[in-house]
Amino acid sequence: MKKKILLGLSGSVACSKAELFVKQNSEKYEFKLLSTYSGLNYLSEQFIKSNTIYSDWSELTGSPHIELARWADEIIIYPASANLISKISFGIADDLLTSTLLMFSKPIYICPAMHEEMYMNSQIQSNVLNLSKNHYIVGPRHGNLDIGDKGLGRLIEPDELLRILNKLNGKIIVTSGPTYEEIDDVKVITNKSSGKQGRALAVELSARGYEIVYIHAASIDPIPGLNNVSFHSSNDLKNKILENIKSTEAIFMTAAVSDFTVNKSSGKISRSNGNISIEFEPNEDIIATIKSSHPEIKCIAFSAQVNDELSFNKINSKKVDYLVINNILKNKFGSDTNKVSIIDQQHLIFESEELDKNEISRDILNTLEY
Ligand SMILES: Cc1cc2nc3c(=O)[nH]c(=O)nc-3n(C[C@H](O)[C@H](O)[C@H](O)COP(=O)(O)O)c2cc1C
């Protein structure tokens, strides 16, 4: 029997992708279409003519919100506007679609589509984060937006949605941001990593249908919709990876781990002590340790270097699968752009242009076939 999908549509130019999704998958799924009033403005005349699209209560009899919710195996909101996301987050039921959603007791798939500024608006971020506790937030991805802009907010593509529904893709850990090694209860040593490249990779992998555990420095923002785990020190980072490692297919070790650890003093070392010496000890190579104990997991290490050397010695000592190298003298920490080389244990396999970190993520994932 075909799976019954109730496809929710809302007021976004990206509704054309929903048309495509329905056309491409009508053999595979039984669809019912339910649009907000505004969503109808973004569907083609041809699509409206050739499909039944529920929207207005007055055209229906009985209690369609109950019937539609009970009919559906899955509900997918594709595309989900900022307005609809907020209404769902607050439990508002002022039209047929939102009333039907309140009648449905399973998690729903919510695929945001909007301009980056709208998506990054603090209220929308908070609503998406809230919804992610009970529902699947899928995307948005980085890419082309309305009026020729580019950014984070693009609706995932129909083939990506299909992969997600078929749960074809596995679990991946992405680590991101700097570690903090405590000198005493007040002071730390850290580094200038912004976490932007790791964030971009996590967003892109999630849009491609992978289940992401985003292990990020406590000082940088989580990503709404993903399984977010925060860390402080490098030891904490290692423990968080190990706690989440079960069934992991790959680890993208984008976090900038301190090269050294410090023997922590308790309290606060006072200036009145005069000159002090702090002893640094070389840190464990976390990704090398993890690869040696979990050889089945694909490990992708990142090397921030002050030159363009293809560090085959490094990848061979770590024994990881791939090393992504960037030169931080050319693309400084915190910059929105990056330029990377990817090596395996023998060869240079990819060299990028200098590009936006979101585009670099796409290049890395295409090269490594994710
Ligand atoms: C041309 C155009 C494109 C729009 N695209 C989007 C969009 O992609 N995402 C979004 O959240 N709002 C978009 N809006 C604004 C929504 O349509 C508007 O907030 C509307 O009230 C949403 O209603 P709904 O959530 O009930 O569908 C767009 C508006 C216009 C005029």
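If you're wondering where the values come from, they're calculated on a predicted model, not measured in any experiment. (Residues numbered from 1 in each chain as written. Predicted model: local features only at pLDDT ≥ 70, side-chain atom pairs only at ≥ 80, totals over all residues. Heavy atoms only, no water.)

(A) Structural detail: helix H5 (residues 96-103). Extensive coverage of H5 is indicated by the burial of six of its eight residues. Those residues of H5 not exposed but buried are Leu96, Leu97, Thr98, Ser99, Thr100 and Leu101. Packing partners of the buried residues in H5 comprise strand S1 (3-9), strand S2 (29-35), strand S3 (53-54), helix H3 (64-71), strand S4 (74-80) and helix H4 (82-89). Of the residues that open H5, the one with a side-chain oxygen 3.4 Å from the backbone nitrogen of Leu97 is Asp95. (Buried < 20%, exposed > 50% of the residue type's maximum accessible area, 1.4 Å probe, protein only. Helix = DSSP H or I, 4+ residues; strand = E, 2+ residues; numbered from the N terminus. Contact = heavy atoms within 4.5 Å. Polar contact = N/O pair within 3.5 Å; in protein donor to acceptor, adjacent residues only side chain to side chain.)

(B) View of the domain arrangement of the chain. Assigned domains within the chain: domain 1 (3-165) and domain 2 (171-367). Residue-level contacts link 17 residues of domain 1 with 12 residues of domain 2. Around 1200 Å² of area is buried between domain 1 and domain 2 when both sides are counted, 52% of it from carbon and sulfur atoms. Interface area lost by domain 1 to domain 2 is led by Leu129, Arg141 and His142, which between them contribute 39%. Applying the counting rule to domain 1 against domain 2 returns two salt bridges. Counting the contacts that link domain 1 with domain 2 gives four residue pairs in polar contact (both at pLDDT 80 or more). For the side of domain 1 that touches domain 2, the secondary-structure elements that each account for two or more residues are helix H7 (122-131), strand S7 (141-144), strand S8 (150-154) and helix H8 (158-165). (Domains from an automatic or database assignment. Buried area = accessible area lost by both parts, 1.4 Å probe. Salt bridge = Lys/Arg side-chain N within 4 Å of Asp/Glu carboxyl O.)

(C) Expanded view of a nonpolar patch on the surface. A cluster of nonpolar residues, Phe260, Ile276, Ile278 and Phe280, forms a patch on the protein surface that exposes about 340 Å² of accessible area. Positionally, Ile278 belongs in the loop between strand S15 (260-262) and strand S16 (280-282). Taking the relative accessible area as the measure of exposure, Ile278 reaches 30% and is therefore partly exposed. (Patch = residues over 30% accessible without salt bridge, like charges linked within 9 Å, V, L, I, M, F, W, Y side chains within 5 Å. Areas by Shrake-Rupley, 256 points an atom, 1.4 Å probe, with all protein chains shown as cover.)

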